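# Observations on chain architecture
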Amino acid sequence: MSSHAALSDKTYAELAEIAARYPQPRSGLLPMLHLVQSEQGRITPEGIEACARILDISAAEVSGVATFYTMYKRKPVGDYLVGVCTNTLCAVMGGDAIFERLKEHLDVGNDETTADGKITLEHVECNAACDYAPVMMVNWEFMDNMTPGSAVQVVDDLREGKPVASTRGPRLCTWREAERVLAGFPDGRVDEGPGAGHASLVGVALARENSWSAPSADQRTESLGAGAGDAVEEADSNPAEAAAVDESSSATETGAEKDEAK
Ligand code: FES
């Protein structure tokens, strides 16, 4: 893996620009670390020092954040970061088989990069995309309903430089380019590709079929403004709910109130 170049003056200026976006500059640390990854392919000691200096915090504080979150990498990442969800649902739906097949096909283990520097493979935890299990991520973009065969096709296409699109997002860029977007420098592709897939929209379709709708904002405000008396009145029509209200009121009674009641 080639070594990284030193951070340029432009990058230092962009790091300061990110910090200046926030009332509390240290709130910018997460995107700043993404920019370091975009420039250097990982979180480097130089990147940690740069963030610390700009935010006027210690390198240990920056390092504590960079080592806490799994999106920050201490080892160089390849052109494409491929994460296979092996959390429970994806695992039983085929995630384990996909991960095993990719390890064998790419000749790497977990958190390792192929000899050509193209693909870094890792297993990831649930991506909140269980309705598309088994799911694979490439540079944090979804690849839904994968199979061992389709996963191999994706990594082969990426290694050959063919265009590959996320199943619910834009054409895939390199990991470093994606990291720059996460740092808050858009690449203009935010609206590319489908924003939602079929499985996510089933609830909407059902609601339309049955003419269901959510209460309006005004109705919700009114219901939130209703007093405790209204709640008890409503609960009175249902003995189980009434019991729950009684229990909750006695649970919230303060010590002073209890003493007074004696
Ligand atoms: S278990 Fe894989 S996305 Fe939820």
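Further up the page is the structure itself.
So, here is what we can say about the structure in this document. Fair warning: this is a prediction, and the values are worked out from it, not measured in the lab. Within each chain, residue numbers correspond to sequence positions counted from 1 in written order. Thresholds applied to this predicted model are a pLDDT of at least 70 for local features of residues and 80 or more for the giving and counting of side-chain atom pairs; totals over whole chains, interfaces and linings are not thresholded and use all residues.

## Let's talk about the pairing of strand 1 (residues 80-85)
Burial analysis of strand 1 places six of its six residues in the buried class, which makes it a mostly covered element. Sheet topology places strand 1 next to strand 3 (residues 119-124); six bridges connect them, and they run parallel. Bridged to Y80 within strand 3 is I119. When DSSP locates at least two bridges between a pair of strands, those strands are taken to pair. Per the convention used, a helix needs a DSSP run of H or I reaching at least four residues, while a strand needs a run of E reaching at least two, with both numbered from the N terminus. Summarising the sheet, strand 1 and strand 4 (residues 136-138) pair through three bridges and their orientation is antiparallel. Counted as the bridge partner of V84 is M136 from strand 4. Counts of 20 or more other C-beta atoms within 10 Å of a residue's own C-beta define buried residues, counts of 12 or fewer define exposed ones, and intermediate counts define partly exposed ones; C-beta atoms are placed from the backbone.

## A closer look at helix 2 (residues 29-40)
Expected span of a helix, by definition, is 1.5 Å for each gap between consecutive residues, and there is one gap fewer than residues. Compared with the 16 Å implied by 1.5 Å per residue over twelve residues, the 16 Å span of helix 2 between its first and last C-alpha is a close match. For helix 2, the tally of buried residues reaches eleven of twelve residues, placing the bulk of the element in the interior. Taken together, the buried positions of helix 2 are L29, P31, M32, L33, H34, L35, V36, Q37, S38, E39 and Q40. Each element contacted by the buried residues of helix 2 is listed here: helix 1 (9-19), helix 3 (45-55), helix 4 (59-66) and helix 7 (175-182). Two residues form a contact once the distance between their C-beta atoms, set from the backbone, is within 7 Å.

## Examining unusual backbone geometry
A cis geometry characterises the amide bond from A133 onward to P134, with omega recorded as 0°. Counting through the fold element by element, P134 comes out in the loop between strand 3 and strand 4. Non-glycine residue A128 carries a positive phi angle of around 55°. Note that A128 resides in the loop between strand 3 and strand 4.

## Thoughts on the pairing of strand 3
With respect to burial, strand 3 is a largely interior element, six of its six residues being buried. Burial along strand 3 is two-sided: the residues I119, L121 and H123 and T120, E122 and V124 are all buried. Where strand 2 (residues 112-113) and strand 3 come together, two bridges link them in antiparallel fashion. Among the inter-strand pairings, E112 is bridged to a residue of strand 3, identified as L121. A loop of five residues connects strand 2 with strand 3, the two strands running antiparallel in sequence, and G117 in this loop sits at a positive phi of about 75°.

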